[in-house]
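An overview of the molecular structure
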Amino acid sequence: DSGVTQTPKHLITATGQRVTLRCSPRSGDLSVYWYQQSLDQGLQFLIQYYNGEERAKGNILERFSAQQFPDLHSELNLSSLELGDSALYFCASSVADSPGSPLHFGNGTRLTVT
Amino acid sequence: EDKVVQSPLSLVVHEGDTVTLNCSYEVTNFRSLLWYKQEKKAPTFLFMLTSSGIEKKSGRLSSILDKKELFSILNITATQTGDSAVYLCAPKGGSTLGRLYFGRGTQLTVWP
């Protein structure tokens, strides 16, 4: 168990809807990352937060947004969902935003858009 | 453009065999390289390599980094069925120090 908690485990929703994925980082970790993994692609970096502030953006669509709260948990909001958004969404955390801090991943939220 | 290429994409071996997984990378502001094992769910952390030529070992797994030639290898000796997984190579770098760039992974299947 990595100590990173993601909820829900599975989510099935219809096109056009909006969902929120939640992540609690490991105790003491300040940095949170969101990654998307679909069948035909590897892990794609979406966004990173460090101690409540956005640190880096990757291939995140404008329909998606995220935030990190004062208690360091993070939420990823996905809106106007399309079939192609179906994927496994991982949250990861690390102690710091530094080269020496490995990322530890949660078990992911599997999103199915029908 | 930053990229990570892993080979082979897929590997099937019998228990007891030794395997070598390859990872080549081109990442701006390279800082370190991590290896992960992904079974059904979360990628689990195996190694972090920051210096060239220094082998890291954990049981039957070992890994080494060549920062001049921009590649890393992961060796698994005396493979077991429990080693069956996708192995992911992830260099750290780019505009932020913490971001990982993932390769597509090598799917290793170990038959009894």
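Residues numbered from 1 in each chain as written. Chains lettered and ligands numbered in written order. Predicted model: local features only at pLDDT ≥ 70, side-chain atom pairs only at ≥ 80, totals over all residues. Heavy atoms only, no water.

Comments concerning the sheet that holds strand β2 (residues 10–14) of chain B
All names here are of chain B.
- The strand order β2-β10-β9-β4-β5 describes an open sheet built from five strands, whose pairing is mixed. With partners counted over all chains shown, the strands left at the sheet margins are β2 and β5 (43–49), one partner each. Across this sheet, the average inter-strand angle for adjacent strands is 25°, counted without regard to direction.
- Looking at chain direction, β2 and strand β10 (residues 106–111) are connected through five bridges and run parallel. Residue Val-12 lies in a different strand from β10, and its bridge partner there is Thr-109. (Pairing = 2+ DSSP bridges. Helix = DSSP H or I, 4+ residues; strand = E, 2+ residues; numbered from the N terminus. Axes fitted to C-alpha atoms, helices over the stretch in contact; angles between N-to-C directions.)

Notes on the side chain of Thr-109 of chain A
Residue and element names in this part refer to chain A.
- Tracing the backbone through its elements, the reader meets Thr-109 in strand β11 (residues 109–113).
- In this structure Thr-109 comes out as buried when scored by relative accessible area, which is 0%.
- Within polar-contact distance, the side chain of Thr-109 engages the backbone oxygen of Pro-8 at 2.5 Å.
- The contacts of Thr-109, once residues within four sequence positions are left out, are Gln-6, Thr-7, Pro-8, Lys-9, Leu-21, Ala-87, Leu-88 and Tyr-89. (Buried < 20%, exposed > 50% of the residue type's maximum accessible area, 1.4 Å probe, protein only. Polar contact = N/O pair within 3.5 Å; in protein donor to acceptor, adjacent residues only side chain to side chain. Contact = heavy atoms within 4.5 Å.)

Comments concerning the state of the cysteines
- Considering all chains together, one arrives at two disulfides over all chains under this definition.
- The partner cysteine of Cys-23 of chain A in its disulfide is Cys-91 of chain A, sulfur to sulfur 1.8 Å. When the S-S torsion is -55°, as for the bridge of Cys-23 of chain A with Cys-91 of chain A, the disulfide is left-handed. Residue Cys-23 of chain A is found in strand β3 (residues 19–24), and its partner Cys-91 of chain A is found in strand β9 (residues 87–94); the two are separated by 68 residues along the sequence. The pair formed by Cys-23 of chain A and Cys-91 of chain A is uniform in burial state, with each residue classed as buried.
- Across a sulfur-sulfur distance of 1.8 Å, Cys-23 of chain B and Cys-89 of chain B are joined as a disulfide pair. The sign of the S-S torsion, about -50°, decides the handedness of the disulfide formed by Cys-23 of chain B and Cys-89 of chain B: left-handed. (Disulfide = S-S within 2.5 Å.)

Topic: the interface of chain A and chain B
- Opposite the 26 residues of chain A that make contact, chain B presents 19 residues.
- Taking both partners together, chain A and chain B bury about 1,800 Å²; carbon and sulfur atoms supply 61% of that area.
- Area buried by chain A at its contact with chain B is led by Leu-43, Pro-99 and Phe-105 of chain A, which between them contribute 30% of it.
- At the boundary of chain A and chain B, one finds zero salt bridges. (Buried area = accessible area lost by both parts, 1.4 Å probe. Salt bridge = Lys/Arg side-chain N within 4 Å of Asp/Glu carboxyl O.)

A word on the pattern of salt bridges
All names here are of chain A.
- In total, this model carries seven salt bridges over all chains according to the counting rule given.
- Notably, a salt bridge pairs Arg-22 with Glu-75, separated by 3.9 Å at the nearest N-O pair. Taken together, the positions of Arg-22 in strand β3 and Glu-75 in strand β8 (residues 74–78) put the pair 53 residues apart, joining distant regions of the chain.
- A residue is classified by how much of its surface remains accessible, and Arg-22, at 33% relative accessible area, is partly exposed.
- In this structure, Glu-82 and Arg-63 form a salt bridge, with 3.7 Å as the shortest nitrogen-oxygen distance. Residue Glu-82 is located in the loop between β8 and β9, and its partner Arg-63 is located in the loop between β6 (53–57) and β7 (64–68); the two are separated by 19 residues in the primary sequence.
- The exposure class of Glu-82 is partly exposed, given its relative accessible area of 43%.
- Ionic contacts of the salt-bridge type, sharing partners, join the residues Arg-63, Glu-82 and Asp-85 into one network.

As for the pairing of β9 of chain A
All names here are of chain A.
- In terms of burial, β9 is largely enclosed, as eight of its eight residues are buried.
- What you see with β9 is no split at all: Ala-87, Tyr-89, Cys-91 and Ser-93 on one side and Leu-88, Phe-90, Ala-92 and Ser-94 on the other are buried throughout.
- Bridge count between strand β4 (residues 31–37) and β9: seven bridges; the pairing is antiparallel. Residue pairing for β9: Gln-37 is matched across the bridge by Leu-88.
- As paired strands, β9 and strand β10 (residues 104–105) are joined by two bridges and run antiparallel to one another. Directly across from Ala-92, in β10, lies its bridge partner Phe-105.

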